[in-house]
Amino acid sequence: QVQLVESGGGLVQAGGSLRLSCAASGRTFSTYALSWFRQAPGKEREFVAGSTLSGSYTYADSVKGRFTISRDNAKNTVYLQMNSLKPEDTAVYYCAARGSAFDSYYRLESQYSDWGQGTQVTVSS
């Protein structure tokens, strides 16, 4: 099990940028697949971006070209750089982790065992 703590959320105007960070405890960070999810008011939590063990990345179509996920195994941290933000990006953002023996993407909420507490991102128009 790994403990996750997100930071970096806040209020930003449309077109602006934010960088979210998710710091993980534990010494086996490199064996975890990592992802960012988000949940807007009244909506289900949805996949945003994910990283395999080796650092290959995948994105939801709604954020492709605007968001960038990256991981730093030496710092036990995964990041989400968010550019060209839109009001519809407003949500609570969560990082998620799961141990994996395979260099695979995991896009489903049910596939993750460990979650952070979430950080609020609000984009004003």
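Structure: see above.
What counts as what
Residues numbered from 1 in each chain as written. Predicted model: local features only at pLDDT ≥ 70, side-chain atom pairs only at ≥ 80, totals over all residues. Heavy atoms only, no water. Buried < 20%, exposed > 50% of the residue type's maximum accessible area, 1.4 Å probe, protein only. Helix = DSSP H or I, 4+ residues; strand = E, 2+ residues; numbered from the N terminus. Pairing = 2+ DSSP bridges. Lys, Arg positive; Asp, Glu negative; His and termini not counted. Salt bridge = Lys/Arg side-chain N within 4 Å of Asp/Glu carboxyl O. Polar contact = N/O pair within 3.5 Å; in protein donor to acceptor, adjacent residues only side chain to side chain. Contact = heavy atoms within 4.5 Å. Axes fitted to C-alpha atoms, helices over the stretch in contact; angles between N-to-C directions.

### Here we look at the pairing of strand S11 (residues 119-124)
Moving on, step 1. Every second residue of S11 is oriented toward a common face, the buried set being Thr119, Val121 and Val123 and the non-buried set Gln120, Thr122 and Ser124.
Moving on, step 2. In this sheet, S11 lies alongside strand S2 (residues 10-13) in parallel orientation, the contact comprising four bridges. In the sheet register, Val12 faces S11, and the bridge partner there is Val123.
Moving on, step 3. Pairing analysis gives three bridges linking strand S9 (residues 91-99) to S11, with the strands arranged antiparallel. Within S11, the residue paired with Val92 across the bridge is Gln120.

### Looking at the side chain of Glu6
Moving on, step 1. When you line up the elements, Glu6 lands in strand S1 (residues 4-7).
Moving on, step 2. With no salt bridge to any partner, buried Glu6 finds its closest opposite charge in Arg45, at an N-O distance of 7.3 Å.
Moving on, step 3. A polar contact is formed between the side chain of Glu6 and the backbone nitrogen of Gln117, at a distance of 3.0 Å.
Moving on, step 4. Side-chain polar atoms of Glu6 contact the backbone nitrogen of Gly118, separated by 2.8 Å.
Moving on, step 5. When neighbours within four sequence positions are excluded, Glu6 is seen to be in contact with Ser21, Cys22, Trp36, Tyr93, Tyr94, Cys95, Gly116, Gln117, Gly118 and Thr119.

### Comments concerning the pattern of salt bridges
Moving on, step 1. Tallying each qualifying case throughout the model produces five salt bridges.
Moving on, step 2. With a closest N to O distance of 2.8 Å, Arg66 and Asp89 form a salt bridge. Note that Arg66 is positioned in the loop between strand S6 (57-59) and strand S7 (67-72) and Asp89 in the loop between strand S8 (77-82) and S9, a separation of 23 residues in sequence.
Moving on, step 3. For Arg66, a relative accessible area of 11% gives the class buried.
Moving on, step 4. Given a relative accessible area of 1%, Asp89 falls into the buried group.
Moving on, step 5. Here the salt bridges do not stand alone but share partners, grouping Arg38, Glu46, Arg66 and Asp89 into one network.

### Concerning the pairing of strand S4 (residues 32-39)
Moving on, step 1. Within S4, seven of the eight residues are buried, which leaves it mostly tucked inside the rest of the structure.
Moving on, step 2. The pairing of S4 with S9 spans eight bridges and is classified as antiparallel. Paired with Gln39 across the bridge in S9 is Val92.
Moving on, step 3. As defined by bridge partners, S4 adjoins strand S5 (residues 46-51) across five bridges and the pair is classed as antiparallel. Bridged to Phe37 within S5 is Phe47.
Moving on, step 4. Between S4 and the antiparallel strand that follows it, S5, lie six residues; Gly42 among them carries a positive phi value of about 75°.

### A short note on the sheet that holds S7
Think of a sheet as strands paired side by side through backbone hydrogen bonds, with each pair either parallel or antiparallel.
Moving on, step 1. Spatially, the four strands line up as an open sheet ordered S1-S3-S8-S7, and their pairing is antiparallel. In this open sheet, the two edge strands, each paired with only one partner strand, are S1 and S7. In this sheet, adjacent strand axes meet at a mean angle of 15° when their direction is disregarded.
Moving on, step 2. As judged from the four bridges shared by S1 and strand S3 (residues 18-24), these two strands associate in the antiparallel manner. Following the sheet pairing, Val5 is matched in S3 by Ala23.

By themselves, these are just geometric observations and shouldn't be taken as functional.
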